[in-house]
Amino acid sequence: MATSRVLQSFFKQMSRPTGVVGSSTRRQLSAAAASAANKAHSLPDLAYDYSALAPVVSGKIMELHHSKHHQTYVNNLNIALEQYAEAEAKNDVAAMINLQPAIRFNGGGHVNHSIFWTNLCPGGSEVPSDLLAEIDATFGSLDKFRSTFNARSAAVQGSGWGWLVLNKANGKLQIQTQPNQDPITGDVVPLLGIDVWEHAYYLDYENRRPDYLNEIWKVVNWNNVAERWHAAKE
Amino acid sequence: MEMAPLFFLLLVAFGTAEITLPDLPGYGYSDLEPFMDEATVRVHHDGHFAAYTNKLNDALEEINTLSPGTLPEDPVDMARNYNILVNRLRKKVTQPLVIKFRNNLGGYLAHDLFFRGLTPAKAKPTEYSGLQTLGTALKKSWGSLEDFKEKFLDESSKFFGSGWVWLVLELKSGELMIMQTKDQDTPYSAGLEPIMCIDMWEHAFYLKHKNDKQGWGQDFWRLVNWEQAELRYLAAQEKRAEKYPVAGDGDL
């Protein structure tokens, strides 16, 4: 999607040591400015009912999480991108920079949650054998993977996400955590994300984040994770 | 062998006694209803605040063993001097332990201020009862108490991620400011003295308010203990006078 490529180039731009914007990035931004008004982001539907993941995640949480939190990220992303396009059309670089935090929070929130909903399904799924073999080779066993993932995700200070990613540079599976709504970027592909913002579990688990992390595996859609892994390896 | 002197020696060598979790100050778990629900008060105090206190004690025990005598006794002083202290600890203490110290020191101090800064709505004769010197200063900085409230709650309503919104006194300038910190960071280390604060971590409001940060701010405002804020302001002014005495003060 043109707009998500634009998001990726924003983040690459933010990590460049100099302030130089490459010409291909500039072309992408101009194209985005022109089309942003027409290409508003929208909230993706869930493939299952709000109550379908209970009791692991209650219908109450799913409804709030999807229809309020994610919807708000989508709405605010659209507003920020529209404002960005206007600023860019006027060559108002200061205004563009001023909008970057809002694009980061809300764009990241939209990207992350869109992946998350597909990573879950009622009753979860078995791990496809090729992915399981890779997990065993990388982490020792599925149990060791989960306990490392859970320990790192439980330790996220404040708000953030735990991720299983494919590092394209070395072809290996890795565990990564991100703060707030910072998306996975760079030569790394997100495969499975677990939201550890308090809103993701508080109504069911209160402050017991480790309990939430133990339970969530019961609804992880490993088929989806494997699909993402296959696509990333291409 | 005499145990008392041995104990004293150990105390001196390994630092102070444990920090205890403060009780709710002068109100019970259900006394903040309906603005803060009892369930939230319980888990916030007995769950989150208690965990920060316990982990702070763990971190302090480790640090005081690895680097005896470096840390002051008072957690507020630890926070005020955080940057200097961490520099001194750098060679003796691992980075994960520094992080544990930072997060749990902040969590302990912020929550202590937060709970001390609340009072049952029914205990307040008027919305701003208790404000005197601070009230005058707030009106001077923001025009009116309503304008100050609007500015403060605007900051909290727009808050992203986890953290706190504070009213602080900048020691050097004597200026009152509204500011944000992220996660469990407190303003002390930046030469800013906290007057009052609102916890914007979702755990502070989610059970009752869900994603409604504005509603949480409005309800929080009903519980603010302005007598406490006034006391903190006066103490901050004293701290300022201590740290930045006015040149040519005739009383000296």
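Residues numbered from 1 in each chain as written. Chains lettered and ligands numbered in written order. Predicted model: local features only at pLDDT ≥ 70, side-chain atom pairs only at ≥ 80, totals over all residues. Heavy atoms only, no water.

Let's talk about the overall build of chain A
For step 1, the next point in the chain: Across its full length, chain A carries nine helices and three strands.
For step 2, the next point in the chain: Reading the helices (α) and strands (β) of chain A from amino to carboxyl end gives α-α-α-α-α-α-β-β-β-α-α-α.
For step 3, the next point in the chain: In chain A, which comprises 234 residues, the proportion classed as buried is 48%.
For step 4, the next point in the chain: Taking the contacts inside chain A whose residues are at least 6 apart along the sequence as the reference set, 69% of them involve residues at least 24 apart.
For step 5, the next point in the chain: Element-wise, carbon and sulfur atoms account for 50% of the exposed surface of chain A, whose accessible area totals about 10900 Å². (Helix = DSSP H or I, 4+ residues; strand = E, 2+ residues; numbered from the N terminus. Buried < 20%, exposed > 50% of the residue type's maximum accessible area, 1.4 Å probe, protein only. Contact = heavy atoms within 4.5 Å. Areas by Shrake-Rupley, 256 points an atom, 1.4 Å probe, with all protein chains shown as cover.)

Describing unusual backbone geometry
For residues besides glycine, phi is generally negative; the peptide bonds are generally trans as well.
For step 1, the next point in the chain: With an omega of 0°, the peptide bond between Ala 54 of chain A and Pro 55 of chain A qualifies as cis.
For step 2, the next point in the chain: By the secondary structure assignment, Pro 55 of chain A is in the loop between helix H2 (23–36) and helix H3 (59–89).
For step 3, the next point in the chain: A cis amide bond links Glu 33 of chain B with the next residue in sequence, Pro 34 of chain B, at an omega value of -5°.
For step 4, the next point in the chain: Within the secondary structure layout, Pro 34 of chain B lies in the loop between helix H1 (3–14) and helix H2 (38–66).
For step 5, the next point in the chain: One non-glycine residue, Asn 91 of chain A, lies in positive phi territory at about 55°.
For step 6, the next point in the chain: Relative to the helices and strands, Asn 91 of chain A resides in the loop between H3 and helix H4 (93–119).
For step 7, the next point in the chain: Even without being a glycine, Glu 206 of chain A presents a positive backbone phi close to 50°.
For step 8, the next point in the chain: With respect to the helices and strands, Glu 206 of chain A occurs in the loop between helix H7 (202–205) and helix H8 (209–216).
For step 9, the next point in the chain: Judged by relative accessible area, which is 24%, Glu 206 of chain A ranks as partly exposed.

A look at the packing of H4 of chain A against helix H9 (residues 222–233) of chain A
Residue and element names in this part refer to chain A.
For step 1, the next point in the chain: Interhelical geometry of H4 versus H9 gives an angle of 125° and a closest axis separation of 8 Å. Put simply, H4 runs oblique to H9. Here Ile 115, Thr 118 and Asn 119 of H4 lie close against H9, whose contacting residues are Asn 224, Val 225 and Arg 228.
For step 2, the next point in the chain: Considered class by class, the residues forming the contact of H4 with H9 number two nonpolar, three polar and one charged. (Axes fitted to C-alpha atoms, helices over the stretch in contact; angles between N-to-C directions. Parallel < 35°, antiparallel > 145°, perpendicular 65-115°, else oblique. Nonpolar A, V, L, I, M, F, W, Y, C, P; charged D, E, K, R; others polar.)

Things to note about the confidence of the model for chain A
For step 1, the next point in the chain: The share of residues in chain A with pLDDT of 70 or more is 84%, and the mean pLDDT across the chain is 90.
For step 2, the next point in the chain: Scored below 50 in pLDDT, residues 12–21 of chain A shows nine contacts in the model against residues more than four places distant or in partner chains. (pLDDT = per-residue confidence, 0-100.)

As for the sheet that holds strand E1 (residues 163–170) of chain B
Residues and elements named next belong to chain B.
For step 1, the next point in the chain: The antiparallel open sheet is built from three strands, whose spatial order is E2-E1-E3. Of all strands in the sheet, those with a lone pairing partner are strand E2 (176–182) and strand E3 (192–199), marking the two edges. Averaged over all pairs of adjacent strands, the angle between their axes in this sheet comes to 30°, without regard to strand direction.
For step 2, the next point in the chain: The sheet contacts of helix H7 (residues 145–157) involve E1, E2 and E3, and relative to E1 the element is tilted by about 140°. (Pairing = 2+ DSSP bridges.)

Looking at the pairing of E1 of chain B
On any regular strand, side chains alternate: one points to one face of the sheet, the next to the other face.
All names here are of chain B.
For step 1, the next point in the chain: Burial analysis of E1 places seven of its eight residues in the buried class, which makes it a mostly covered element.
For step 2, the next point in the chain: Two elements, E1 and E2, share seven bridges in a ladder whose sense is antiparallel. Looking across to E2, one finds that Val 168 is bridged to Met 177.
For step 3, the next point in the chain: Counted between consecutive antiparallel strands, the loop separating E1 from E2 contains five residues, among which Gly 174 sits at a positive phi close to 80°.
For step 4, the next point in the chain: The pairing of E1 with E3 spans seven bridges and is antiparallel. For Trp 164, the partnering residue across the bridge sits in E3 and is Asp 199.

Focus: the interface of chain B and chain A
One frequently used descriptor of interface size is the decrease in accessible area upon assembly of the parts.
For step 1, the next point in the chain: With 16 residues of chain B at the interface, the matching set in chain A holds 18 residues.
For step 2, the next point in the chain: Interface of chain B and chain A: buried area, both sides summed, is about 1800 Å²; carbon and sulfur atoms make up 60% of it.
For step 3, the next point in the chain: Inspection of the region where chain B meets chain A yields zero salt bridges.
For step 4, the next point in the chain: Counting across the chain B and chain A interface gives seven residue pairs in polar contact (both at pLDDT 80 or more).
For step 5, the next point in the chain: The element that contributes the greatest number of residues to the side of chain B that touches chain A is H2 of chain B, accounting for three residues.
For step 6, the next point in the chain: The class makeup of the residues in the side of chain B that touches chain A is five nonpolar, eight polar and three charged. (Buried area = accessible area lost by both parts, 1.4 Å probe. Salt bridge = Lys/Arg side-chain N within 4 Å of Asp/Glu carboxyl O. Polar contact = N/O pair within 3.5 Å; in protein donor to acceptor, adjacent residues only side chain to side chain.)

Brief notes about the environment of Thr 133 of chain B
All names here are of chain B.
For step 1, the next point in the chain: As for its placement among the helices and strands, Thr 133 is situated in helix H6 (residues 133–142).
For step 2, the next point in the chain: The class of Thr 133 is partly exposed, set by a relative accessible area of 39%.
For step 3, the next point in the chain: Taking the C-alpha atoms as reference, Thr 133 lies 28 Å from Gly 106; in sequence the two are 27 residues apart.
For step 4, the next point in the chain: Setting aside residues no more than four positions away along its own chain, Thr 133 makes contact with Glu 230, Tyr 233 and Leu 234.

Digging into the layout of surface pockets
For step 1, the next point in the chain: There is about 1000 Å³ of room inside the largest pocket.
For step 2, the next point in the chain: Lining the largest pocket are 42 residues, and of these Ala 155, Val 156, Gln 157 and Gly 158 of chain A together with Trp 201 of chain B lie nearest its centre.
For step 3, the next point in the chain: Secondary-structure elements contributing two or more residues to the lining of the largest pocket are strand E2 (172–179) and H8 of chain A together with H2, helix H4 (82–89), helix H5 (95–116) and E2 of chain B.
For step 4, the next point in the chain: Looking at which element gives the most residues to the lining of the largest pocket, the answer is H5 of chain B, with seven residues.
For step 5, the next point in the chain: Of the residues assigned to the lining of the largest pocket, the class counts are 16 nonpolar, 18 polar and eight charged. (1 Å grid on protein atoms, 1.4 Å probe; cavity = no way out; pocket = protein on both sides within 12 Å on 5 of 7 lines; lining within 4 Å. Points joined across faces, edges and corners; volume = space filled by probe spheres on them.)

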